Structures are given as structure tokens and as C-alpha cells.
Amino acid sequence: MTKNVKDEILHDHNADGIDRRGFLKCMAWAGTGALCVMQGGVLKSYSLSRPADLGGSAAAAGELSFVQISDSHMGFNKPANPDVAGTLKAAVDKINGLSAAPEFLLHTGDISHLSKPEEFDTVDQILKATGTEVFFVPGEHDVLNDDGAQFRERYGKGAKGAGWYSFEKKGVHFIGLVNVMNLKAGGLGTLGHEQLEWLEDDVKHLKSSTPIVVFAHIPLWTVYPDWGWGTEDSAQALAYLKKFGSVTVLNGHIHQTMQKVEGNVTFHTAASTAFPQPQPGKADSPGPMKVPAEQLRSVLGITDVNYVRGQHALAVVDSSLA
Amino acid sequence: MRRRVWILVLAAPVIVAAVLLVSGARGLAASAGQAQASNVEVKIDNFSFGPATLTVAAGTTVTWTNRDDIPHTVVSDDKVFKSKVLDTDEKFSFTFTKPGTYGYFCSIHPKMTGKVVVE
């Protein structure tokens, strides 16, 4: 598990807080999927493009393993990827090929491109092949024209407000947040007062040793405000999570992998399964980035996450679809 | 006294010419404004509205066209107008009848903002 496998990203934030080198390495990985394994305060990232490395490793030994996918944008058909159904199927193949089958999937939004019923139907159909339960939070593309009514009808039964909820799996507390509603001119993603109050109440009764996983579409840390890559009131949400020893925040939206560690909080964004977006400020706009067709799958991916009891950070593994 | 009269006499045609020029210019401006008033285009390109600030006469219809690979919306800050989501090459039009300043943004990408000034 401590073997320094190529493409393995290890963040020992128990020891020294921020692993800058690891962070930069993770940045260089932009566009791959990730597997997260939670282990004793150490958040580990492994490349899923090298799943063989995971066999018998800490990831495989984790007590809870799940996969994050994001930004499938079903319905998108522009040159950046004319076959988003094909790449989502490739992601499913990747998931089904993992040595440790995930207990469930998290989809961090932008399931559809235009909120059309047939787009959601196609994604549901493709994800069925994983044979696994899927938990969703909406992206801004999933709540177009109807303030998210269709999304809640499909995926948010039993959820609160605009579709936020929490659940427990093997001692880990998962919180799905919605930060794509009621966006204000010039602003970033927003959680809103009602959701923040709910969050405060939701975690109040939990022991500080409970590992927390928060997932939402738009990053809950400020990646690049000029492109709207951040959430206005995320600091308030994180303040409610301060007492916990291990908080892992999983986001999508920016179509590239990025990681940051701040105290006990590890932030991670997943690759898209549809098309890549440019690195912050590296283009005129955050529009879809066209790469040569043969390189496309190397910049798309999934994220695998693993938790080991008694160790308080998750291992996160990004893996490309190549 | 006599000299002053001379000046007035000489000045009169100049004043008349100046008045004519000013009113002529006004006439031109008015006709240009009316030409705009029929329909003005705003392009949505590279996650921005162009022009970001548009000045039109009351009665003008403004049409937004999305030239991006990504859908956008056109939503007034004060809920005066609100488009459906616009996919690539789709359009939205709104006719501005009342003078005022209308700020708007893309509700999907709120960093995209624009303004229509109606005179």
C-alpha cells in the first residue's frame, strides 16, 4: 500500500497538511477518473487506468468502496465528443472491471445536457449495466426550464428542498448537496439558507470521528471564480463540518480532476465522461475542449473511492477511460 | 450701433446654417435609431454576450443567438424577460417598449452578464 506506484497519488495530510507535490501531480492528471480509498487519515489517489495496481492494495482492502462519475452530458453531440453515450458505456465497462466491485455510484450532476427526458432515460439505461445503486445530485444542465422538478421526480424522492439528502453506509455519512439552483447574476454556485440550516441540523448529532463525504456538482472550494467555478456560501457549509476529523468533498462541473487539502478537508473534482474543459484561465472560455479523437478517452474518466475503518481519510483514485 | 446690426446680419445665415446642421444631425440620429428599432442582434459566443451593453430606442426587438457549443439562457435580473434554454444556434427575442436599463444574465452560467439600455 505504500509502494510508490506510478500514477498513484498519495496525500498524507495527517503528517503535514498539504501535499503540494501530490496536488500538482494530481493537477497534471487532469481528465482522468479517480478511485478514493479512505484509510487512517491518508487520502490516496490511484490511477484507474492502472487497475492492476489496485489488486491487493489498500484500495482493494477497503471496507467501503464506491465510484464517482460526473458530467455525462447525455445529448451533447458537438465535435468535442459526438458520442457521449459511447464514452459513458466505456466508463461503465471501467467500473465493471474494478477488482473490488463498488457498493454504489455517486453521480455528481450534469447527467443530461438539456434536461430532456430521453437524455435521463439513456443515462439510466446505460448505468443499469453496473447493477449498482446510483445516488445523484443535479448539475445546472439537469434543472433547465423547470427549476429541477423533473430531476426531483426521477432522482430526488425523499430528498429535501431542491434535492439535498444524506445517508449512511458502513459508518460513513454521505451528504448530497444542491448548488445549481437560483443562481444570481454575476455570482457562483449557491447552497442557500434553507439548505445550510438543514446541513447544520443533519450533522449536529454525529460524532466527530464519523467520516463525512459531501458531494455536489459545482466545486465547494473556489477553483476559478472568473468562470463561476466555486460556491458563494460553501464556507458556511464547511464551518458546520469543522468538528469532523475526516471530510471528503467530491465535485464535478469543471470536467477535469483537481485536488486540494485544507486541514481535515480533502476536495476532489472528477473528470467528465463526456468532454474535457480547459484548465482555469487557459482558454477564452470554459467551453468544451476539442482534443484529437484518439486522445479523447485519456481526458475522460471515473473516480473510485475507498474507505478503511479506523483510518480517517478516503483514498481517491482517478482513472481515465483510455 | 450700425456696426452691431451688420454683425447680426452677417451672423444670421451662420446661425440658421448651424440650426439646420443640428436638426439635420438629429434627423439622422433619429432615422438610425429607427433602423435599430426594428431588430437588433446580440450574439452569445465564448460564454459572453456581444455587445455586452446595447443601447436601443423604445420599441426595439432584441434577438439573442447562441453561437456556443453549450446551452445558455437570457434572463432579466428583474424577471422582465426569461428565455427557455437556448441550444446551439437557437434564438430568443424580446421587444423593449419601456425606456430603462435592463440587466440580464445566463442563469446556467451567471458570470455571463449583459445590459440593454432602452432610450
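Predicted, not measured: the structure shown is a model, and the values here were computed from it.

Cut-offs used in this document
Residue numbers restart at each chain and count upward from 1, following the sequence in its written direction. Numbering of ligands from 1 and lettering of chains from A proceed in the order in which they are written. Local features in a predicted model are, by the rule used here, given only for residues with pLDDT of at least 70; side-chain atom pairs are given and counted only at 80 or more, and totals for whole chains, interfaces and linings are based on all residues. For helices the rule is a DSSP run of H or I covering at least 4 residues; for strands it is a run of E covering at least 2, with both sets numbered from the N terminus onward. Throughout, a pair of residues is in contact if the C-beta atoms placed from their backbones lie within 7 Å. At least two DSSP bridges between two strands are needed for those strands to be called paired. Interaxial angle, 0 to 180 degrees, is taken between N-to-C directions of lines fitted to C-alpha atoms, where a helix line uses only the stretch in contact. When residues are sorted by character, Ala, Val, Leu, Ile, Met, Phe, Trp, Tyr, Cys and Pro go into the nonpolar class, Asp, Glu, Lys and Arg into the charged class, and all the rest, Gly among them, into the polar class. What makes a nonpolar core is a set of buried Ala, Val, Leu, Ile, Met, Phe, Trp, Tyr and Cys residues, with links drawn between C-beta atoms within 7 Å. Exposure is read from a count of other C-beta atoms within 10 Å of each residue's own; the residue is exposed at 12 or fewer, buried at 20 or more and partly exposed in between. C-beta atoms are placed from the backbone. Each residue carries a pLDDT score, the predictor's confidence in it, ranging from 0 to 100.

Moving on to the overall build of chain A. On a plain count of helices and strands, chain A comes out with 7 helices and 14 strands. For chain A, the share of sequence-separated contacts (at least 6 apart) that also reach a separation of at least 24 residues comes to 75%.

Attention now goes to the sheet that holds strand 2 (residues 48-50) of chain B. Paired through backbone hydrogen bonds, the strands of a sheet run either parallel or antiparallel to each other. All names here are of chain B. Taken together, the 4 strands give an open sheet; going across it, the order is 2-1-4-6, and neighbouring strands pair in mixed fashion. Two strands lie at the open edges of the sheet, namely strand 2 and strand 6 (91-96), each paired on one side alone. Within the sheet, the average angular offset between the axes of one strand and its neighbour, ignoring direction, is 20°. In this structure, strand 1 (residues 40-45) lies alongside strand 2, joined through 3 bridges in antiparallel fashion. The partner of D45 across the bridge, within strand 2, is S48.

A common measure of how large an interface is: the accessible area buried when the components associate. The interface of chain A with chain B comprises 19 residues on the first partner and 18 residues on the second. Among the residues forming the side of chain A that touches chain B, the class breakdown is 8 nonpolar, 6 polar and 5 charged.

What follows is about the sheet that holds strand 8 (residues 113-118) of chain B. Residues and elements named next belong to chain B. Taking strand neighbours across the sheet as the criterion, the 4 strands line up as 3-8-7-5 in an open arrangement whose pairing is mixed. Each edge of the open sheet is held by one strand with a lone partner, namely strand 3 (53-56) and strand 5 (75-76). Bridging between strand 7 (residues 100-105) and strand 8 involves 6 bridges; their strand directions are antiparallel. Looking at strand 8, one finds that T101 is bridged to V117.

Before going further, it helps to examine the nonpolar core. Judged by nonpolar contacts, the single largest core of 90 residues is most densely connected at A91, L177, V213, V214 and A216 of chain A. In terms of nonpolar packing, the next biggest core, distinct from the first, is built from 5 residues, V223, W227, I254 and M258 of chain A among them.

On average, chain B scores 80 in pLDDT, and the residues at 70 or more come to 69%. Low pLDDT (under 50) marks residues 5-36 of chain B, which in the prediction has 5 contacts with non-local residues, meaning those over four places away or in another chain.

All right, on to unusual backbone geometry then. Cis geometry marks the peptide bond from G50 of chain B to P51 of chain B; its omega dihedral reads -5°. Within the element layout of this structure, P51 of chain B appears in the loop between strand 2 and strand 3. Not every positive phi belongs to a glycine, and N182 of chain A is a case in point at roughly 50°. Mapped onto the elements of the fold, N182 of chain A is located in the loop between strand 8 (172-176) and helix 6 (193-204).

A separate point is the pairing of strand 7 (residues 165-169) of chain A. All names here are of chain A. Note that strand 7 and strand 8 share 5 bridges and pair antiparallel. Counted as the bridge partner of K169 is V172 from strand 8. Linking two consecutive strands that pair antiparallel, namely strand 7 and strand 8, is a turn of 2 residues; a positive phi of about 50° is found at K170 within it.

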